[in-house]
Amino acid sequence: MKSKGLLLAVAVCAGVWLVQNGARPVTPPAPSAAEAFATGRHTDAAAPPLPPSPPVRLRIPRIAVDTPVTRLGLAPDGSLEVPPADEGEVAGWYGGGTAPGARGTAIVAGHVDDAEGPAVFYKLGTLKKGNRVEVLRADGRTAVFTVDAVEVYENDAFPDRKVYGAARRAELRVITCGGSFDEKTGYGGNVVAFAHLIGVRGTTQSAQPATRPPTRPARMAFAHPAGVHGTTQSAQPATRPALAERPAPEARRTSARPPAPTRPYPDHWSNASFATSENTTTSSTPRTNSAPLRSAVRAPNMPPARLNTAISAASRHSTVPW
């Protein structure tokens, strides 16, 4: 474990920019002794660990870091791979370990400088206890860490277990080069920022409740008359009353109108007036219990010949009540 930690530290500490420029006065700032664990912790509050999810971006507002995160593996000699030399502004996450925000210790490393000048973690040593480190994850959540301490270690005294050891809560280590510097070998140590999860922002898409279309109240199913487009199957036409509730046809015919009263015929009408020349018989008695024919009622002003013809035609229908 000791050698693995040492290789991890040395891998990102070439100090290319300082070697090329030979500018000792511009070495990265070192952490203050006040930010070490020995001075105590600033808080023990912690958020529950999250499910594992790869990091995609890292933000440290205190030192103006806002950078993408690339996945790192192990080199053939067992050391941690580092971001490409021409990508000094990119941070690297050890993908074979814990994801930031999950239970355990997540490792993020980056260059302190490159051939062009200061790199992504050049000011890491200026962090103070309580500063925030934010990691945007692939699941859409942002894991928010608070800095517990910032310490610097020489390579021959690098505390592997303290830096890389397992943790029960979600913790983060941000590592870059620091300490003494030699133009032949580069930096002789590492700056390590220790942090733990204190909050979470955002939610995953799967965490959103499934939305269901609004349910139309049952009474709204009858908002449209039957047969109109857009009505539901539950909209049924009004039911007609049963036929048994309606009077029978025979009852309607028999009770349509009362029988006509008996009225005698005028004295100037004779029974002979009802005689016809075909399919009729002469009645010697006047009709009773039947109403006078309408044609006969309207006939007194007609000449006798036309009157007889009208009465004869009407008598063929004399069985129909009026």
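Residues numbered from 1 in each chain as written. Predicted model: local features only at pLDDT ≥ 70, side-chain atom pairs only at ≥ 80, totals over all residues. Heavy atoms only, no water.

**Considering the sheet that holds strand S7 (residues 132–137)**
Item 1. With mixed pairing, the eight strands of this closed barrel are ordered in space as S1-S2-S3-S4-S9-S10-S8-S7. Recorded for the sheet is a direction-independent mean angle of 35 degrees between the axes of neighbouring strands.
Item 2. Judged from the 10 bridges that link them, strand S9 (residues 170–182) and strand S10 (residues 186–201) form a sheet pairing that is antiparallel. Residue Gly178 lies in a different strand from S10, and its bridge partner there is Gly189. (Pairing = 2+ DSSP bridges. Helix = DSSP H or I, 4+ residues; strand = E, 2+ residues; numbered from the N terminus. Axes fitted to C-alpha atoms, helices over the stretch in contact; angles between N-to-C directions.)

**Quick look at the confidence of the model for the protein chain**
Item 1. This prediction gives the protein chain a mean pLDDT of 73; 55% of its residues lie at or above 70.
Item 2. Taken as a whole, residues 317–322 scores under 50 in pLDDT and shows five contacts with residues more than four places along the chain or in a different chain. (pLDDT = per-residue confidence, 0-100. Contact = heavy atoms within 4.5 Å.)

**A short note on the nonpolar core**
Item 1. Leu58, Ile60, Phe121, Leu124, Leu127, Phe145 and Leu172 are the most contacted members of the largest nonpolar core, which totals 29 residues.
Item 2. Other than its neighbours up to four places away in sequence, Ile60 contacts Val65, Phe121, Leu127, Arg132 and Val133.
Item 3. Listed in part, the 13 residues of the second largest apolar core include Phe158, Tyr164, Ile175 and Phe194. (Core = buried A, V, L, I, M, F, W, Y, C linked by side-chain atoms within 4.5 Å. Buried < 20%, exposed > 50% of the residue type's maximum accessible area, 1.4 Å probe, protein only.)

**Observations concerning the pattern of salt bridges**
Item 1. Applying the stated rule across the entire model yields eight salt bridges.
Item 2. Note that Arg201 and Glu134 form a salt bridge whose closest N and O atoms lie 3.1 Å from each other. Of this pair, Arg201 sits in strand S10 while Glu134 sits in strand S7, and the two are 67 residues apart along the sequence.
Item 3. Residue classification places Arg201 among the partly exposed positions, given a relative accessible area of 41%.
Item 4. A relative accessible area of 13% means that Glu134 is categorised as buried. (Salt bridge = Lys/Arg side-chain N within 4 Å of Asp/Glu carboxyl O.)

**A look at the side chain of Ser53**
Item 1. You can see Ser53 is positioned in the loop between helix H2 (16–21) and strand S1 (55–60).
Item 2. Among the polar contacts listed, one links the side chain of Ser53 to the backbone nitrogen of Asp139, at a separation of 3.1 Å.
Item 3. Apart from the residues within four sequence positions on either side, Ser53 is in contact with Ala99, Pro100, Arg137, Ala138 and Asp139. (Polar contact = N/O pair within 3.5 Å; in protein donor to acceptor, adjacent residues only side chain to side chain.)

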